[in-house]
Amino acid sequence: MNTGMKITAFAAALAATFGTAYGVGTSVEPVVADSAPAAHGKGHSGPSPAQEGGGGHSGHEAAPAGGLQISEGGYTLDLRTPRVTAGQRTDLRFVIRDDSGRAVTTYRREHDKELHLILASRDLVTYRHLHPTRAADGTWSTPVDLPRAGGYRVFADFTPAKKGAENLTLGADLATSGPYEPQDLPAPNTTAEVHGYEVELDGGLRPGKAGELKLNVSRNGKPVTDLQPYLGAYGHLVALRSGDLAYLHVHPNGEPGDGKTRPGPGISFTATAPSGATYRLFLDFQHEGKVHTAAFTVRAGASGTQTPTDASAEEPSADHEH
């Protein structure tokens, strides 16, 4: 790309802030790319973009798409680090506040953690699944080092310990300054290669209807049958809708130790797309002590199918903290 298409750090941050504000206020359909989480045998998914917000876990019933709001259910995501610099390691800090403005300090543990933090670029090429640490005063922090400038979205997935509280996914915009070069969303694919593993996707997303997504993991042409539990499951899957980055956190069908779920090669999920659009799927799985993330681009349509390409998805840049 020629230098004329690059912009200054100030302009990048300004454009990212404006662009993300527009994305939250509108429903944009296609195109976007990077990595992801899950367990309980329950799932987040949602019927309609108009029903913005987080959503509880209740079997495989559709729940509203999450991450579109910074406040919901009496809780607010207070992002204390609203901007960072590309290529520079920075501590990202945030606080979850209740309806009285107090920092929340007690949470229900889910998937072995009190809170899961997902960070994705607006073009969905960069993805992070992080597990920040919480100080006694309720301030969460985690180091981040983002490779490219532009707009990012931060998602906090948690359940307050307060009796009757539901699982929430709150979202906030993060601007990353530096020379900006826009990236295209990878084409739809049903095969992804990551760190020598090949992951094949069988199934698709259907708007407003639950459908099965099955991912099969192999290495060197042989099925992987000894996947290891990661955060309480053999696989975790996050789906983000292109345009507004509506967040779907889906969970596997079955879990380790239930007497019927095998440790690979197949990992099965049930998900419902909130609308017909293009989505980016990020699968996390663990094998031989290392976590890997495979990324897919799918289009949700009436038939629940997507158009595959011969090219494999690029390996997403992803960070994992245990």
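Quick note: structure is the one above.
These figures come from a predicted structure and were not determined experimentally.

Caption draft 1: The arrangement of the pairing of strand 11 (residues 191-194) in detail. Alignment of strand 11 against strand 12 (residues 197-203), held across four bridges, turns out to be antiparallel. Bridge pairing in strand 12 links Ala192 to Val199. Two successive antiparallel strands, strand 11 and strand 12, enclose a turn made up of two residues, where His195 displays a positive phi of approximately 50°.

Caption draft 2: View of the environment of Tyr230. Along the chain, Tyr230 turns up in the loop between strand 14 (222-223) and strand 15 (236-241). In this structure the C-alpha to C-alpha distance between Tyr230 and His111, which are 119 residues apart in sequence, comes to 8.5 Å.

Caption draft 3: The arrangement of the sheet that holds strand 9 (residues 150-158) in detail. Taken together, five strands build an open sheet; the order of strands is 3-10-9-5-6 and the sheet is mixed. Each edge of the sheet is formed by a strand with only one pairing partner; in this case those strands are strand 3 (83-85) and strand 6 (127-130). The mean inter-strand angle of the sheet, taken between neighbouring strand axes irrespective of direction, is 25°. Pairing between strand 5 (residues 115-121) and strand 9: seven bridges, direction antiparallel. By the bridge assignment, Ile118 is partnered in strand 9 with Phe155.

Caption draft 4: Spotlight on the sheet that holds strand 8 (residues 139-144). Strand order in this open sheet of five strands is 1-2-4-8-7, and the pairing throughout is antiparallel. Single-partner strands in this sheet number two, and they are strand 1 (71-72) and strand 7 (133-134). Sheet analysis places strand 7 next to strand 8, joined by two bridges and oriented antiparallel. Paired with Arg134 across the strands is Trp140, a residue of strand 8.

Caption draft 5: Representation of the pattern of salt bridges within the structure. All told, the structure shown has ten salt bridges when counted by the stated rule. Where Asp78 meets Arg80, a salt bridge forms, and the shortest distance between an N and an O atom there is 3.8 Å. Arg97 serves as the salt-bridge partner of Asp78, at 3.0 Å between the closest nitrogen and oxygen. Here the residue Asp78 occupies a position in strand 2 (residues 75-79), and Arg97 occupies one in strand 4 (residues 90-97), the gap between them amounting to 19 residues. For Asp78, a relative accessible area of 22% puts it in the partly exposed group. Classification of Arg97 as partly exposed rests on a relative accessible area of 23%. Overlapping salt bridges bring together Asp78, Arg80 and Arg97 as one network.

Caption draft 6: Geometry of unusual backbone geometry. Of note, the amide linkage connecting Gly264 to Pro265 takes the cis form, showing an omega dihedral of 0°. With respect to the helices and strands, Pro265 occurs in the loop between strand 16 (247-250) and strand 17 (266-272). The phi dihedral of Asn220 falls on the positive side, at around 55°, and the residue is not glycine. Positioned with a positive phi, Leu231 is a non-glycine residue whose angle comes to about 55°. One can find Leu231 in the loop between strand 14 and strand 15. A residue is classified by how much of its surface remains accessible, and Leu231, at 8% relative accessible area, is buried.

Here is what the cut-offs are and how they apply
- Residues numbered from 1 in each chain as written.
- Predicted model: local features only at pLDDT ≥ 70, side-chain atom pairs only at ≥ 80, totals over all residues.
- Heavy atoms only, no water.
- Pairing = 2+ DSSP bridges.
- Helix = DSSP H or I, 4+ residues; strand = E, 2+ residues; numbered from the N terminus.
- Axes fitted to C-alpha atoms, helices over the stretch in contact; angles between N-to-C directions.
- Salt bridge = Lys/Arg side-chain N within 4 Å of Asp/Glu carboxyl O.
- Buried < 20%, exposed > 50% of the residue type's maximum accessible area, 1.4 Å probe, protein only.

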